[in-house]
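Coordinates in review
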Amino acid sequence: MKYVKVKFISTFAEKMGKERIYELNDDATIEDLVEIISRELEEVKTKGVVYVNYRFPQEKQVLNNGDEVLVMPLYAGG
């Protein structure tokens, strides 16, 4: 098992709290984590931006023990 710290920003933090620790299987990917989070925060799939260790993750990126994941809503402005 591995542990990943997830920090939620803006309206996502209002719903989920600022930070949570998730326990994941050793082969868990970023997609697996997003699926787990979406059980409580459905809009993360359609309106969320996710970074792993302050970088945009690659598709099907496997998470490592101790990774820090940032989850925030899409922003638009002008």
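Position labels on residues start from 1 in each chain and follow its written sequence. This being a predicted model, a pLDDT of at least 70 is required before a residue's local features are given, and a value of 80 or more before pairs of side-chain atoms are given or counted; all residues contribute to the totals for chains, interfaces and linings. Water and hydrogen atoms play no part in the side-chain values, which are based on all heavy atoms of the structure.

**Overview of unusual backbone geometry**
For residues that are not glycine, phi is negative in most cases, and the peptide bond is trans in most cases. Heads up, the condition is: Secondary structure elements are taken from DSSP: a helix is a run of H or I of four residues or more, a strand is a run of E of two residues or more, and numbering for both begins at the N terminus.
With a phi close to 60°, S10 is a non-glycine residue in the positive phi region. Structurally, S10 is set in the loop between strand 1 (2-8) and helix 1 (11-16). Despite not being glycine, Y54 shows a phi value in the positive range, around 65°. Within the secondary structure, Y54 is located in the loop between strand 3 (48-52) and strand 4 (68-73).

**Details of the environment of F56**
Short version of the rule: For each residue, the accessible area found with a 1.4 Å probe, counting protein chains only, is set against the maximum for its type, and the residue is called buried under 20%, exposed over 50%, and partly exposed in between. The contact criterion used throughout is that any non-hydrogen atoms of two residues lie within 4.5 Å.
Along the chain, the position of F56 falls in the loop between strand 3 and strand 4. For F56, a relative accessible area of 63% translates into the label exposed. When the C-alpha positions of F56 and K7 are compared, they lie 15 Å apart, and in sequence the two are 49 residues distant. For F56, the contacting residues outside a window of four places in its chain are V50 and Y51.

**What about the side chain of D67?**
Definition in use: Here the positive residues are Lys and Arg and the negative ones are Asp and Glu; neither His nor the chain ends is included. The salt bridge definition used is simple: a Lys or Arg side-chain nitrogen within 4 Å of an Asp or Glu carboxyl oxygen. N or O atoms within 3.5 Å of each other form a polar contact, as long as, within protein, one can give a hydrogen and the other can take it, and as long as residues adjacent in sequence are counted only when both atoms are side-chain atoms.
Within the fold, D67 resides in the loop between strand 3 and strand 4. Among buried Asp, Glu, Lys and Arg side chains, D67 stands out as unpaired, with K2 the closest opposite charge at 6.8 Å. In this structure the side chain of D67 is engaged in a polar contact, spanning 2.9 Å, whose partner is the side chain of N53. Not counting chain neighbours up to four residues away, the residues in contact with D67 comprise Y3, V4, K5, V52 and N53.

**Structural notes on the environment of D27**
Mapped onto the elements of the fold, D27 is located in the loop between strand 2 (19-24) and helix 2 (30-38). Remark: the alpha-carbon pair of D27 and Y3, spanning 24 residues in sequence, is separated by 12 Å. Leaving out residues up to four positions away in the same chain, D27 has contacts with K2, D32 and V62.

**A closer look at the sheet that holds strand 4**
Rules: One requirement defines pairing of two strands: DSSP has to find at least two bridges between them. For helices, the axis comes from a line fit to the C-alpha atoms of the stretch in contact; other axes are also lines fit to C-alpha atoms, and the angle between any two N-to-C directions lies between 0 and 180 degrees.
An order of 2-1-4-3 is seen for the four strands of this open sheet, with the pairing classed as mixed. Pairing within the sheet leaves two strands with one partner each, and these edge strands are strand 2 and strand 3. Adjacent strand axes in the sheet meet at a mean angle of 25°, parallel and antiparallel pairs treated alike. Here strand 3 runs beside strand 4; their pairing, made up of five bridges, is antiparallel. Across the sheet, the residue bridging to Y51 is L70, located in strand 4.

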